[in-house]
Amino acid sequence: MTSVSELDLDLDVFQGPFDLLLAVLLREEISLAEVPLGEIVVAYIDHMGEDGEFDLDLEAVTEFLVLIAALCELKSRLLLPSEDGPEELGPQEAADELLARMLEYRRYSRAAEQLSDRFESERGYLYRSAPLPAELRRVAVDAANAVYDPDLLGSALGDLLVEPEDLDISHIRPTVSLQRRLQALRDALGRRTEFDFDEEFGGEDRLTQAVTVFAMLELYRKGEVTWEQDRPLGPIRVRRLRATDAGAGS
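From a predicted model like this one, the values you see are computed outputs, not experimental measurements. (Residues numbered from 1 in each chain as written. Predicted model: local features only at pLDDT ≥ 70, side-chain atom pairs only at ≥ 80, totals over all residues. Heavy atoms only, no water.)

Student: Give a detailed account of the overall build of the protein, specifying residues and quantitative values.
Tutor: Scanning the protein from terminus to terminus reveals 10 helices and five strands. Across the 250 residues of the protein, 24% fall into the buried class. Across the protein, every contact between residues at least 6 apart in sequence was considered, and the portion connecting residues at least 24 apart equals 54%. Of the roughly 18700 Å² that the protein leaves accessible, carbon and sulfur atoms contribute 54%. (Helix = DSSP H or I, 4+ residues; strand = E, 2+ residues; numbered from the N terminus. Buried < 20%, exposed > 50% of the residue type's maximum accessible area, 1.4 Å probe, protein only. Contact = heavy atoms within 4.5 Å. Areas by Shrake-Rupley, 256 points an atom, 1.4 Å probe, with all protein chains shown as cover.)

Student: So what's going on with the packing of helix α2 (residues 37–48) against helix α3 (residues 58–79)? Residues and values would help.
Tutor: Relative to each other, α2 and α3 sit at 170°, their axes nearing to 11 Å. Looking at the two axes, α2 sits roughly antiparallel to α3. For the pair α2 and α3, contact is made by L37, I40, V41, Y44 and M48 and by A60, V61, F64, I68, L71, C72 and K75, respectively. (Axes fitted to C-alpha atoms, helices over the stretch in contact; angles between N-to-C directions. Parallel < 35°, antiparallel > 145°, perpendicular 65-115°, else oblique.)

Student: Talk me through the environment of C72; I want residue IDs and the actual numbers.
Tutor: Structurally, C72 can be placed in helix α3. Residue classification places C72 among the partly exposed residues on the basis of a relative accessible area of 38%. Taking the C-alpha atoms as reference, C72 lies 9.8 Å from A33; in sequence the two are 39 residues apart.

Student: Residue-level account of the pairing of strand β5 (residues 237–240), with values.
Tutor: Across a regular strand the side chains alternate sides, sitting on one face of the sheet and then on the other. Relative to β5, strand β3 (residues 194–196) is paired through three bridges, and the arrangement is antiparallel. Note that in β5 the partner of E194 across the bridge is R239. Across four bridges, strand β4 (residues 225–228) lies against β5 in antiparallel orientation. Bridge pairing links T226 to R239 in β5. (Pairing = 2+ DSSP bridges.)

Student: Kindly report on the sheet that holds β3, identifying the contributing residues and their values.
Tutor: In spatial order, the strands read β3-β5-β4; together these three strands make up an open sheet with antiparallel pairing. Every other strand in the sheet has two partners, leaving β3 and β4 as the edge strands with one partner each. Within this sheet the neighbouring strands show an average axis-to-axis angle of 20°, counted without direction. The sheet contacts of helix α9 (residues 206–221) involve β4 and β5, and relative to β4 the element is tilted by about 120°.

Student: Tell me about the nonpolar core, and please be specific about residues and values.
Tutor: Counting 23 residues, the largest nonpolar core has L9, F18, L21, V35, I40 and L71 as its most contacted members. Of all elements in the fold, only α1 (18–26), α2 and α3 reach the threshold of two or more residues within this core. When near neighbours in sequence (up to four residues on either side) are disregarded, L21 contacts L9, F14, V35 and I40. Grouped together as the second largest cluster of nonpolar side chains are 12 residues, L185, L189, F195 and V225 included. (Core = buried A, V, L, I, M, F, W, Y, C linked by side-chain atoms within 4.5 Å.)

Student: Summarise the packing of aromatic side chains; cite the residues concerned and give the values.
Tutor: The tally for this structure, following the rule as stated, stands at three aromatic pairs. Geometrically, the ring pair formed by F197 and F201 is tilted, given 5.4 Å between the ring centres and 50° between the ring planes. Taken together, the residues span about one helical turn, with F197 and F201 both in helix α8 (residues 197–201) at a distance of four residues. The same class applies to F197 and to F201, which are both buried. Pairing Y220 with W227 gives two aromatic rings, centres 5.3 Å apart and planes at 55°, and the pair type is tilted. Relative accessible area serves as the criterion here: at 29%, W227 is assigned to the partly exposed category. Each residue in the set F195, F197 and F201 is aromatic and connected to the rest through ring pairs, giving one cluster. (Phe/Tyr/Trp six-rings, centres within 6.5 Å; stacked < 30°, edge-to-face > 60°.)

Student: I'd like to hear about the pattern of salt bridges, residue by residue, with values.
Tutor: A complete count under the given rule lists seven salt bridges for this structure. For R186, the salt bridge identified is with E224, shortest N-O distance 3.1 Å. On the criterion of sequence distance, the pair formed by R186 in helix α7 (residues 178–191) and E224 in the loop between α9 and β4 is long-range, its members being 38 residues apart. Note on R186: relative accessible area 30%, which makes it partly exposed. Among the salt bridges present, the one from E200 reaches R191, with a minimum N-O distance of 2.9 Å. Judged by its relative accessible area of 24%, E200 falls in the partly exposed class. (Salt bridge = Lys/Arg side-chain N within 4 Å of Asp/Glu carboxyl O.)

Laid out in structure tokens, this is it:
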């Protein structure tokens, strides 16, 4: 980045960084009329090409152009008399003018940054560029008005902007994993040795309860659980089998 602060000047009336030159000019330690602004521009261009190639940074160059343009205008006021006589600018007036120029530059620079960020964020949304239909290329504009009626176009766009109703997915049956129901049974038996099936899984839907029964059968086949039911459709008491119980059953 070739910033203004990096520019080191070697002039007849001043030697040092460009920032310091601005400070001494505003304090009137050096008269602006004695400063060769053209040499400053040449020095800045040489500074940009010191590495052998121009790596142009638009923000830094624009900042320099704003400053050098303000200095040129101030110097022209000193050298060229106006109708009312020579216009003398005090240090405070010159400082205010430079500050106003920099603030204006910053305002436009930040606006450009916001527009650039907005463009990048909306890059994925591109308009569809399509030619006119062949039948409309051979007719007058007046004849095409009936086809592209503004009210009809507005109505079509209005329908597109209306949010659709929520889809009814109540008819879609959820998928219940047998492996998850096996883990649910093992977790329940890990907390206690036995439990009531309705108390543990009564809040689940019928499909989940059915898959849980299949999981109980799988654990029974492996010798991990057993259950008791005193009467048909009565409560089911699920009990965890100890290793000795499983061995005796086998």
